[in-house]
Amino acid sequence: MNWAKKNIEWTLLFSVLLILLGVAIFKALSFSTAPPQAVAEVLGGNAKVREDLDQYQDLGKELDQNEEWKAAENGHRLFISRKLEWLADERKLKLYRPDEAGVDGIAPLWKEQYGFSLSDPTVADQDPDKDGFTNKDEYLGKTDPLKAESHPPFTTKLRLTNFEAKPYSLEFTGVNEVGGQTFFQVKLSHPRDRRHRSNSVKKGDKFEDWRVEEYREKKGERENPKMQGVMLPYDESELDVVNEVTGERLTLVMKQVSDAPILTGTLVDLLENKNYPVEKAQEITFRGINYRVKNLSETGAEIMALSEDGTEKEMLQIPSQ
């Protein structure tokens, strides 16, 4: 007691330190056991926490897939850690993979390779070499965004617009034997010619872009469904024709109309703002290269690059505008 009286200041200071230590331990235990909402209030005042258990469960599964390496000799273990990425728009976490395309369609690793900012949301739309192709175009085309001479094919800047399917039909109308040869009558209904033109062709012959192939006779009698015991003749003979340009095959059935619409549209060059009216099966020249239009639809076009001798080389997909 004599010592305490003599050292009253030190005694008070020691007591205060003990009290503060106790309060700190109590707060730490309360914080570690508090529910998520309480923790959020401590950290962020009025912050709202939206728990998405499925998200974190999926993330946990991916984290559990980290490869574990164990040396047989000393038993040491090596764990590979991974970074997490917060997607603000979707309000969720995902594993950060620098070689995987982000929300702007470009991988962070590619941006770092060419010196672009990882935090700039406009990088994908920029064109630093002024060649008309954005950074995203260059990324998808695997070209150098800083060199104008290195860019994706010009066809990647083509878009299809003004698609239209014009009515066109073929009808197998009859078979004739002339001089020991079999001739087939095929009638065309063409939007450029209001008259119904009929062609008399034999196997191997061509009319417009169509070539006649096989004929199968299918004739007979069948019972009249409205009158029991009454037989009626029928002719469902078939004639195969193929379009030599597009490769389209049709089986024409006797006296039945088969639709084969003429497909048209316009290819737009976004770089030069130039239009190319096209039709299915047509050949066009674009920037010095010949192409054949293989197909047109509401979703886009398929064009085939041709060699100098007209041989088909590579099919390209052109999206609609």
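**Student:** So what exactly am I meant to see when it comes to the sheet that holds strand β20 (residues 300-306) here?
**Tutor:** Two modes of strand pairing occur in sheets, parallel and antiparallel, and in both the strands are linked by backbone hydrogen bonds. The four strands are arranged β18-β19-β20-β21 in an open sheet whose pairing can be described as antiparallel. Only two strands of the sheet have a single neighbouring strand rather than two, namely β18 (283-286) and β21 (312-319). Pairwise comparison of adjacent strand axes, ignoring direction, gives a mean angle of 35° for this sheet.

**Student:** What's the story with the sheet that holds strand β10 (residues 210-216) in this structure? I'm lost.
**Tutor:** Spatial ordering of the open sheet is given by β9-β10-β13-β14, a layout of four strands whose pairing is antiparallel. Each edge of the open sheet carries a strand with a single partner, namely β9 (206-207) and β14 (249-253). Two elements, strand β13 (residues 238-243) and β14, share five bridges in a ladder whose sense is antiparallel. Residue pairing in the sheet places valine 242 in a bridge with arginine 249 of β14.

**Student:** For this particular structure, what's the right way to read the layout of surface pockets?
**Tutor:** Empty space left among the atoms is revealed by rolling a probe the size of a water molecule over them. Size it by volume and the second largest pocket reaches roughly 280 Å³. Lining the second largest pocket we find 16 residues, and of these Asp209, Asn243, Ile262, Glu279 and Lys280 sit closest to its centre. In terms of residue class, the lining of the second largest pocket is made up of seven nonpolar, three polar and six charged.

**Student:** What is the right way to read the side chain of glutamine 185 from this model?
**Tutor:** Inspection of the secondary structure assignment puts glutamine 185 in strand β7 (residues 181-190). On the accessibility criterion, glutamine 185 (18% relative accessible area) is buried. When sequence neighbours within four positions are dropped, the list of residues in contact with glutamine 185 reads Glu171, Phe172, Thr173, Gly174, Asn176, Ser198, Asn199 and Ser200.

**Student:** Please clarify how the environment of lysine 147 should be interpreted in this entry.
**Tutor:** Within the secondary structure, lysine 147 is located in the loop between α6 (135-141) and β5 (158-166). Taking relative accessible area as the criterion, lysine 147 reaches 44% and is therefore assigned partly exposed. Ignoring any residue separated from it by four or fewer positions in sequence, one finds lysine 147 in contact with Asp129 and Asp131.

Scoring rules and cut-offs
Every chain begins its residue count from 1, and numbering advances along the sequence as written. In keeping with the predicted nature of the model, local features appear solely for residues at pLDDT of at least 70, side-chain atom pairs appear and are counted solely at 80 or more, and the whole-chain, interface and lining totals rest on all residues. Processing note: side-chain calculations cover all non-hydrogen atoms of the structure and skip hydrogens and water entirely. Being paired, for any two strands, means DSSP has found at least two bridges between them. By definition, any uninterrupted DSSP run of H or I lasting at least four residues is a helix, any uninterrupted run of E lasting at least two residues is a strand, and each is numbered from the N terminus. Axis definition: a line fit to C-alpha positions, over the contact stretch in the case of helices; interaxial angles, taken between N-to-C directions, run 0 to 180 degrees. Residues are said to line a cavity or pocket when one of their atoms sits within 4 Å of a point; the points come from a 1 Å grid over protein atoms alone, cavities being sets where a 1.4 Å probe fits but cannot get out and pockets being open sets with protein on both sides within 12 Å along at least five of seven lines. Grid points are joined across faces, edges and corners, and a volume is the space filled by probe spheres set on the points. Three residue categories are used. Nonpolar comprises Ala, Val, Leu, Ile, Met, Phe, Trp, Tyr, Cys and Pro, charged comprises Asp, Glu, Lys and Arg, and polar comprises the others, including Gly. Whether a residue is buried, partly exposed or exposed follows from its accessible area with a 1.4 Å probe, protein chains only, as a fraction of its type maximum: under 20%, in between, or over 50%, in that order. Contacts are assigned to residue pairs with any non-hydrogen atoms lying within 4.5 Å of each other.

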